[in-house]
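Overview (structure and organization)
As a plain string of letters, each chain reads:
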Amino acid sequence: MSLCRALSKLGLCSRRQAEVLVAEGRVKVAGKVVRNGSMRVDPGRDRIEVDDKRVVAERKVYLMLNKPRGLVTTRDDPQDRGTVYDCLAGLDLPFVSPVGRLDKASEGLLLMTNDTRFAQRLLDPTSHVAKIYHVQIAALPDAAMLARLRAGVTVYGEQLTARSIEILRSGTSTAWLEITLDEGRNRHIRRMLDACDIEVLRLVRVAIDRLQLGDLAKGKARHLTAEERAMFQA
């Protein structure tokens, strides 16, 4: 694999950060400085050093985070906005990456890990892992609205569908829907509802497969249990 990918898989940093380390001449392979991030290496055999310290595989970490609204799902943000990593400040953790994304205005269950194989299994479109969202809309759903949403919509040639859409509860002018997806396209639910002229007021991911957000406090993270990790084992 490439040197930058190896640094990421070893849990040291993201690939983008690895590119910077390599460009700055801080990375050595077999005792020699390497400035080509695409150089092929075997992390199990080749001695890779950063700042003259050997890089070894970090312990595997699997977290669930209750992402607050207003944070972006990136490590570094050029606009200097708050990120989900702010929620991990002070925790004794190796580098972890989000498994998928929640946009800035969305909230709820976000998985983070340094186990790339674990992440890839969840993100693989063929896995069809269910993701369940509770969505507050500025409308009162009727049979026609639900039928249209359940049929799916086409947005700029892209077909957007949901596995299921159900009414959770309705008020006088707003309602909550439970929407289940088994694919993760960019801003999938927001674009689907916008195509039907339905305003989204809140969007909360409450479950991934059988893993529930539960009563985890907003902005807090916890380690997955062995039983929870087993839900996603291949």
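What comes next is a walk through the structure. Please read these numbers as outputs of a predicted model, since none were measured by experiment. (Residues numbered from 1 in each chain as written. Predicted model: local features only at pLDDT ≥ 70, side-chain atom pairs only at ≥ 80, totals over all residues. Heavy atoms only, no water.)

**Some details on the environment of Leu 111**
Following the sequence through the fold, Leu 111 ends up in strand 7 (residues 107-113). With relative accessibility at 1%, the residue Leu 111 sits in the buried group. Measuring from C-alpha to C-alpha, the distance between Leu 111 and Gly 11 comes to 16 Å, with 100 residues separating the pair along the chain. Ignoring sequence-local partners within four residues, the contact set of Leu 111 consists of Leu 63, Met 64, Ser 97, Pro 98, Val 99, Leu 122, Ile 208, Leu 211 and Leu 224. (Helix = DSSP H or I, 4+ residues; strand = E, 2+ residues; numbered from the N terminus. Buried < 20%, exposed > 50% of the residue type's maximum accessible area, 1.4 Å probe, protein only. Contact = heavy atoms within 4.5 Å.)

**Comments concerning helix 4 (residues 143-151)**
Residues of helix 4 that are buried include every one of Met 145, Leu 146 and Leu 149, and no others. Buried positions in helix 4, seen along its axis, are confined to an arc of 95° and lie on one side of it. Exposed residues pointing more than 90 degrees away from the buried face of helix 4 are listed as Ala 143, Ala 144 and Ala 151. Of the surrounding secondary structure, the elements contacted by the buried residues of helix 4 are strand 8 (131-137), strand 11 (164-170), strand 12 (175-181) and helix 5 (188-194). Positive phi shows up at Gly 152, right after helix 4, with a value of about 90°. (Arc of directions from axis to C-beta.)

**A few points about the packing of aromatic side chains**
Scanning the model with the defined rule gives 3 aromatic pairs in all. With 6.4 Å between their ring centres and 15° between their planes, Tyr 85 and Phe 95 make a pair best called stacked. Remark: Phe 95 occurs in the loop between strand 5 (62-67) and strand 6 (97-98) and Tyr 85 occurs in the loop between strand 5 and strand 6; sequence separation between them is 10 residues. Judged by relative accessible area, Tyr 85 falls into the buried class, the value being 10%. Overall, Phe 95 belongs to the buried group, its relative accessible area being 10%. (Phe/Tyr/Trp six-rings, centres within 6.5 Å; stacked < 30°, edge-to-face > 60°.)

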